Amino acid sequence: MSLQSVASCSNGKSASALVEICSVRLGEWLFGMPISHILEIVGSARPQPVPLAPGFVGGVVHYRGDVLTAVSLRQLLGMPPVEGTQDILVLESPGCCYGLLVDSVGEVLTIPAADLEPNPSTLNECRRGLFAGAYKLKDSLLVMLDPEKLDPIHLGAAFAA
């Protein structure tokens, strides 16, 4: 599934005032990732486990002739693993690409950038570093993920410290 066709839809408002977000689910929770960081969505993936890898590594997958490290968002948030397949967001980071394992991918939302609320001060510091804030939607809260902080290289350094 490609985001190009979905992301090209615009409602005519100023692009500088709006942000396009791909919504993803993890259990009952709703998260968002800026589509500008997403290269592709790989549905129904089955990552292969990596022996002795850090806990946040959900496995590796073959992606366009390369081996892609998949970060388990469930593991990072202390949630139990799920059986079966998961969706993977292929994300671009400086120097490499990586995958982010999520339960399911939702829709692309266009939200005013000014509506982003900061992380609450009561949030655990380790988790606070993964989130960029939250948007209050009509029926739910969408927690924004920080793609740079989810990069396996950054996570490896954070967990080693």
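Above: the structure in question.
As a starting point, this report considers the structure included with it. (Residues numbered from 1 in each chain as written. Predicted model: local features only at pLDDT ≥ 70, side-chain atom pairs only at ≥ 80, totals over all residues. Heavy atoms only, no water.)

Let us now look at the pairing of strand S5 (residues 66–72). Where strand S4 (residues 57–63) and S5 come together, 6 bridges link them in antiparallel fashion. Looking across to S5, one finds that tyrosine 63 is bridged to aspartate 66. What sits between S4 and S5 in their antiparallel hairpin is a turn of 2 residues, with arginine 64 showing a positive phi close to 50°. Pairing of S5 with strand S7 (residues 96–102) involves 3 bridges; the strand directions are parallel. Looking at S7, one finds that valine 71 is bridged to leucine 100. (Pairing = 2+ DSSP bridges. Helix = DSSP H or I, 4+ residues; strand = E, 2+ residues; numbered from the N terminus.)

As a further point, take the sheet that holds strand S3 (residues 38–45). Ordered in space as S3-S6-S7-S5-S4, the 5 strands form an open sheet in which the pairing is mixed. Looking at the sheet topology across the chains shown, the edges are occupied by S3 and S4. Across the sheet, the mean angle separating the axes of adjacent strands is 30° when strand polarity is ignored. (Axes fitted to C-alpha atoms, helices over the stretch in contact; angles between N-to-C directions.)

The values reported here are purely geometric and, on their own, carry no functional implication.
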